[in-house]
Amino acid sequence: MVDDWPGEWLRGALEVCVLRVLADEPTYGYAISARLEEAGIGAVKGGTLYPLLTRFERAGLVEVEWRTGESGPARKYYALTGEGRTQLATLASRWARFADLTRGFVADSPGSPDPSRSAPQRESRS
């Protein structure tokens, strides 16, 4: 099941997630989108994904190769470069730290559903 995450969350995580997909093997845009959806991250439209892949290409994070399809038109495959792998490692580390900090901050918020913590009782003023 794919959750319906707020679009801002998906856009914030998209760069590191796309790089992560490409770390496994060279692949094409539709397959990247399908992999993200299968992982539960959400559906990524071409109008969002392809400009990101173009930015990656311009920044030297991916190399592009056109491959002929077995039963259709040629596809543009994207493969991580060494610089792309370095960027993935950096972003993955930073994202993990950010997620941990966010999780801790939200868990400490009033009204958070953490049953292991009991809220302090207020004295009533009658």
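Higher on the page you've got the structure.
Keep in mind the model is a prediction, meaning the values are calculated, not measured. (Residues numbered from 1 in each chain as written. Predicted model: local features only at pLDDT ≥ 70, side-chain atom pairs only at ≥ 80, totals over all residues. Heavy atoms only, no water.)

Asker: Tell me what's going on with the packing of aromatic side chains, and back it up with residues and numbers.
Answerer: In total, this model carries 3 aromatic pairs according to the counting rule given. Ring geometry for Trp 5 and Trp 9: centres 6.0 Å apart, planes at 35°, overall tilted. The class for Trp 5 is partly exposed, based on a relative accessible area of 38%. Residue class for Trp 9 comes out exposed when judged on its relative accessible area of 55%. Ring geometry for Tyr 28 against Tyr 77: centres 5.3 Å apart, planes inclined by 65°, an arrangement best described as edge-to-face. Note that Tyr 28 is positioned in strand β1 (residues 27–28) and Tyr 77 in strand β3 (residues 75–80), a separation of 49 residues in sequence. (Phe/Tyr/Trp six-rings, centres within 6.5 Å; stacked < 30°, edge-to-face > 60°. Buried < 20%, exposed > 50% of the residue type's maximum accessible area, 1.4 Å probe, protein only. Helix = DSSP H or I, 4+ residues; strand = E, 2+ residues; numbered from the N terminus.)

Asker: Requested: an account of the pairing of β3, with residues and values cited.
Answerer: Two elements, β1 and β3, share 2 bridges in a ladder whose sense is antiparallel. Counterpart to Thr 27 in the pairing with β3 is Tyr 78. Judged from the 6 bridges that link them, strand β2 (residues 62–67) and β3 form a sheet pairing that is antiparallel. Considered in β3, the bridge of Trp 66 is made with Lys 76. (Pairing = 2+ DSSP bridges.)

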